[in-house]
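Architecture and fold: a report
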Amino acid sequence: MTTSPERRYADRIEEFSDRHPFAIDVVLVMALMGCATLGSMLTLPGADPPDQDRTAAALMGVSCLALLKHRTHPRVAVVVCALCATIVVGLGYLLTPLLLAPVMAALYWLATFTDRRTTRAYGISTLVAVIVAAAISDSMDHISLLLRTLGPLFWLLLPLAAGNMTRLRRAYLAAVQARAEHAERTREEEARLRVTEERMRIARELHDVVAHHMALANAQAGTAAHLALTSPEQTKAILTDLTGTTSSALRELKATLGLLRQNGDPDSASLEPSPGLARLPELVSACASAGLKVTVTTDGEPQHLSPGVDLTAYRIVQEALTNVTKHASTQAAHVRFVYTGSRLTITVSNDGPVAAGASAASGAPEADAAQSRGFGVMGMRERARSIGGDLCAGHRPGGGFEVTTALPLQPYAAEGGGPAPA
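Residues numbered from 1 in each chain as written. Predicted model: local features only at pLDDT ≥ 70, side-chain atom pairs only at ≥ 80, totals over all residues. Heavy atoms only, no water.

**Let's talk about the overall build of the protein chain**
- Looking only at helices and strands, the protein chain features twelve helices and five strands.
- Expressed as a percentage of the 422 residues in the protein chain, the buried residues total 39%.
- Contacts spanning at least 24 positions in sequence make up 72% of the contacts within the protein chain whose residues lie at least 6 apart.
- Accessible area for the protein chain stands at about 23900 Å²; split by element, carbon and sulfur atoms hold 61% of it. (Helix = DSSP H or I, 4+ residues; strand = E, 2+ residues; numbered from the N terminus. Buried < 20%, exposed > 50% of the residue type's maximum accessible area, 1.4 Å probe, protein only. Contact = heavy atoms within 4.5 Å. Areas by Shrake-Rupley, 256 points an atom, 1.4 Å probe, with all protein chains shown as cover.)

Set out below in structure tokens:
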């Protein structure tokens, strides 16, 4: 966007005026004093000037000095200048733009610093006073009444229009600056919000990967240590599964950390596809090697899941089974998928009692969970809400624990945050 030289010069003058207001006012007052003095010397051809030079000079001096207060008292400046100009015109001096220069300056600053209603009231009063004085003045008897009326009307309306344009331009620039500042603040707040959401997403991913695989590895190692002397073949199989569990944990950690190292290039491929329900048999097999038998049932016609829902469903099932492995005194768990309409309901339940001190981490109320540093249920609930679903977890009336979540088949932002990342 280019700026004309005239606009650049005007902006420089305004900046200098803002830095040195009193110096600018003094220079303007001296210039207006000269204009008014010169205007009082002008007469019509063949007419004698009135014999009131000292009175006119004093009145013009008073009106020009009143302009020094135009920034703080623009109304007073207009009243004083209009009164002095009316008296001078009534004394018989020729009404010219030079004689009206102090009044014109006062009206310009009035329109610049005050509102439209005040400008209209004081401007009309000044116009009426000056026009009436010009109509009855003896110095303009040779001029028709129409010209005596139109002349001061034109010259006094001009500074009012110019001042109004200046006021509107300043208001426009102030609005533009306010919008720019608001956009800057909004952009910074949005950036902080996105950083916070990304940190929460990474924390959930790391928690799901580390907690699940480490819990399975711990259970497999404990089972292998228990069967080492009595069943060497079964111990060997468990240790083989333990190697697969740790390898899978390392792969997922590498993929998660690799996402953090990407430079944001959309063409860069991810290190590993996001896990989904297609890997559920691997999850069930890993739980079985840790001593937990998992049964999976499906009701309704299975439908295609979007990547966000597929990842969320897998992570919720993974975290729920991890909590069963760590905290429940049982060797069996049940996972049920129900497809109804546009929603998928997932239920993960077990019949065993919860181990002492583990109720909070396995899904007790959130206050207890926060107290015991457990983030499993909190992470599952955040995942469900991020795609427009919901989740509830609690103890079953007949014993055991149950996690139930309802997810939309097509994710949407529950709180206007945009679709969940795949």
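Back to the write-up after that little detour.
**Digging into helix α9 (residues 280–289)**
- When we look at burial in α9, the residues that qualify are Leu280, Leu283, Val284, Ala286, Cys287 and Ser289.
- After α9 finishes, the residue Gly291 shows a positive phi value of roughly 95 degrees.

**Regarding the nonpolar core**
- Ranked by size, the top nonpolar core spans 37 residues in total, and within it Val317, Leu321, Phe337 and Ile346 carry the most contacts.
- Where this core is concerned, the elements lending two or more residues are α7 (145–227), α9, α10 (307–327), β2 (332–340), β3 (343–350), α12 (376–386) and β5 (401–408).
- Counting residues per element, this core draws most heavily on α10, at eight residues.
- Those residues in contact with Leu321, other than ones at most four positions away along the chain, are Leu283, Cys287, Leu292, Val294, Ala333, Val335 and Val348.
- Grouped together as the second largest cluster of nonpolar side chains are 33 residues, Met60, Leu67, Cys84 and Leu107 included. (Core = buried A, V, L, I, M, F, W, Y, C linked by side-chain atoms within 4.5 Å.)

**What to know about the environment of Leu292**
- Relative to the helices and strands, Leu292 resides in the loop between α9 and β1 (293–299).
- Spatially, the C-alpha atoms of Leu292 and Gln331 are 4.6 Å apart, while their sequence positions differ by 39 residues.

**Considerations on the sheet that holds β3**
- The five strands lie next to each other as β1-β2-β3-β5-β4, forming an open sheet whose pairing is mixed. The open sheet is flanked by β1 and β4 (390–395), the only strands paired with a single partner. Mean inter-strand twist for the sheet, computed between neighbouring axes without regard to direction, equals 10 degrees.
- With six bridges joining them, β4 and β5 adopt antiparallel strand pairing. Within β5, the position partnered with His395 by the bridge is Phe401.
- Here α12 sits on the sheet in contact with β4 and β5, set at roughly 155 degrees to β4. (Pairing = 2+ DSSP bridges. Axes fitted to C-alpha atoms, helices over the stretch in contact; angles between N-to-C directions.)

**Points about the pattern of salt bridges**
- Evaluated as defined, the whole model comprises five salt bridges.
- A salt bridge links Glu282 to Arg279; the nearest nitrogen and oxygen atoms lie 3.7 Å apart.
- By relative accessible area, Arg279 is classed as buried at 17%.
- The salt bridge partner of Arg336 is Asp299, with a shortest N-O separation of 2.6 Å. With Arg336 in strand β2 and Asp299 in strand β1, this residue pair connects regions lying 37 residues apart in the sequence.
- The exposure class assigned to Asp299 is partly exposed, which follows from its relative accessible area of 30%. (Salt bridge = Lys/Arg side-chain N within 4 Å of Asp/Glu carboxyl O.)

**A short note on the pairing of β1**
- Two strands pair when backbone bridges link them, and β1 and β2 are joined in this way by seven bridges, in the parallel orientation. Residue pairing across strands places Thr297 opposite Arg336, the latter belonging to β2.
- With α10 bridging β1 and the parallel β2, this β-α-β connection has left-handed handedness. (Right-handed = clockwise from strand over helix to strand, strands pointing away.)

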